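Commentary on secondary and tertiary structure
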Amino acid sequence: MKKKILGLVLLIISIGCSDLDTIQSPSELDINKYGTYVDTTLYAVSDTFITGGLVNTANASKLQIGVFENFQAGFLLRFKYLPPDSIAVDSVCIELTSDKKFGSGEGDINVAIYEVTESWEESANSEEAWHEDNLPVSPIGNAVFSLEDSAEYKIFLDDFVPTLFSKWQQDDSVNYGLYFKIDETGSRAIKDIYSFESSTPPKLIFRIDQDTTFVRDTITTGEDASIFDYPVEGGENIFENAEDELYISSGITAHTFIKFDFSGIPKKAIIQSADLQISIDEDNILDNSNHSAYYYLRSIKEAEEDLSSYTIDSSFVYYSKYDYFAKDIGDTISLDNANQVSLGSNLIQAIVNETVISEWFYLQYMNESMDISVKKLYGLPDQPPKLIIRYIRADKSGL
């Protein structure tokens, strides 16, 4: 009978929720016979952030164009499957649909349109060449984009280069598309444009004259990629001037690293839940409210002391129990109940049992290739990140 009761106790522990209020159990299932619930808070012993490399913006559901607080965005666009050159096209128009903006600017922004003269892939933003001054492009004209929500932009190629579309028809190998780039400076705003991966893709609308009638057709298939830049030096660079702040950012990427000391957790502890909490500095105009406030939480299994190189534990790829997500909850980045239980009973338990070595915790935006957003966080020494752990201290005979 004792073995059956003990089995029930362990089952209850393994599926227990993360509510910090003690649940009164029947006397025959009294956990306190075998151990004690303990709630403890670990404070970070070290924290930092590192700006990442160039992110691949392929497959994002939106593009961006504009400038805000020195962050710049533009995009590449190429339509595929054009009509053959045997079909004479009378006029050609590109139609783009926009959504919201990031930044405080109002009115219009000026956009330069370039003909791209070399091939590119949707991973273009991850290539250094697209962040240099000698880009393989030639300007063909300008357009004005409204910063109002849900605006539509119509760009008539005939107004710029009447023969451009027919050239693409005659030889698709020279159809490298167009590059849309901000043509002004100053803190205005960055506009969201729906991409080919969205439900409102860019359209290429062309008109074909047929005797006394005309046919209007549309192409909505192609390739695109946002190009993000932050061309500032020294005093203007928020990342280089950071003091005690931590940053997580998308577009121009930054990742936060946090280290804890688990030596104070008893070796016999049975971890029920763990919640990572980081306070958000809300005095930050670069926090893009249009960006999804969800984050990947990963474990670094080995790293150089200065984090010049590190290896993220890839267990989350193979086992869902090691796949953790954090999100904004009020003024704190935190975990929901399900992720608290999973983090505690799996990763933290393995760290305490010394079956897993974790050098750091790592946080990044879940959608860091989508758009520009910068999350500013508090860190050591004033408001260190913390890990709130709930466990059973198995200090009684029989457990």
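See the structure shown above.
Please read all numbers here as calculations on a predicted model, not as lab measurements.

1. Comments concerning the pattern of salt bridges
For side chains of opposite charge, pairing can occur when their charged atoms come near one another. Enumeration according to the criterion identifies 13 salt bridges in this entry. Taking the shortest distance from any N to any O, the salt bridge between Glu223 and Arg78 comes out at 3.1 Å. Residue Glu223 is found in strand β13 (residues 222-229), and its partner Arg78 is found in strand β4 (residues 71-79); the two are separated by 145 residues along the sequence. Here Glu223 and Arg78 have matching classes, each one buried. Between Asp323 and Arg298 there is a salt bridge whose closest N-O contact spans 2.8 Å. Here Arg298 lies in strand β17 (residues 294-303) and Asp323 lies in the loop between α3 (315-318) and β19 (324-329), a separation of 25 residues in the sequence. A relative accessible area of 22% means that Asp323 is categorised as partly exposed. Look at the salt bridges and you will find they share partners, linking Lys62, Asp192 and Asp371 into a network.

2. Concerning the nonpolar core
Counting 36 residues, the largest nonpolar core has Ile348, Leu387 and Ile389 as its most contacted members. Sorting the residues of this core by element identifies β1 (36-43), β14 (246-250), β16 (270-279), β17, β19, α4 (337-352), β21 (360-365) and β23 (386-393) as the ones contributing at least two each. Looking at this core element by element, the count peaks at six residues for α4. With residues up to four places along the chain from it excluded, the contact list for Ile389 reads Val38, Asp39, Thr40, Leu42, Phe262, Ile265, Ile271, Ser273, Ala274 and Ile348. The next biggest cluster of nonpolar side chains, apart from the first, holds 34 residues, and it includes Ile65, Leu96, Ile109 and Ile113.

3. Observations regarding the packing of aromatic side chains
Enumeration over the complete set of coordinates arrives at 22 aromatic pairs. Grouping aromatic residues by their ring pairs yields a cluster made of Phe49, Phe71, Tyr230, Phe239 and Tyr247. Its guanidinium or amino end placed over the ring of Phe316, Arg298 lies 3.6 Å from that ring's centre, counting from NZ or CZ.

4. Observations concerning the pairing of strand β5 (residues 91-102)
In this structure, β5 lies alongside strand β8 (residues 152-156), joined through five bridges in antiparallel fashion. Following the sheet pairing, Cys93 is matched in β8 by Phe156. As defined by bridge partners, β5 adjoins strand β10 (residues 189-194) across three bridges and the pair is classed as antiparallel. Bridging from a neighbouring strand, Lys101 pairs with Lys191 of β10.

Scoring rules and cut-offs
- Residues numbered from 1 in each chain as written.
- Predicted model: local features only at pLDDT ≥ 70, side-chain atom pairs only at ≥ 80, totals over all residues.
- Heavy atoms only, no water.
- Salt bridge = Lys/Arg side-chain N within 4 Å of Asp/Glu carboxyl O.
- Helix = DSSP H or I, 4+ residues; strand = E, 2+ residues; numbered from the N terminus.
- Buried < 20%, exposed > 50% of the residue type's maximum accessible area, 1.4 Å probe, protein only.
- Core = buried A, V, L, I, M, F, W, Y, C linked by side-chain atoms within 4.5 Å.
- Contact = heavy atoms within 4.5 Å.
- Phe/Tyr/Trp six-rings, centres within 6.5 Å; stacked < 30°, edge-to-face > 60°.
- Lys NZ or Arg CZ within 6 Å of the ring centre and 35° of its normal.
- Pairing = 2+ DSSP bridges.

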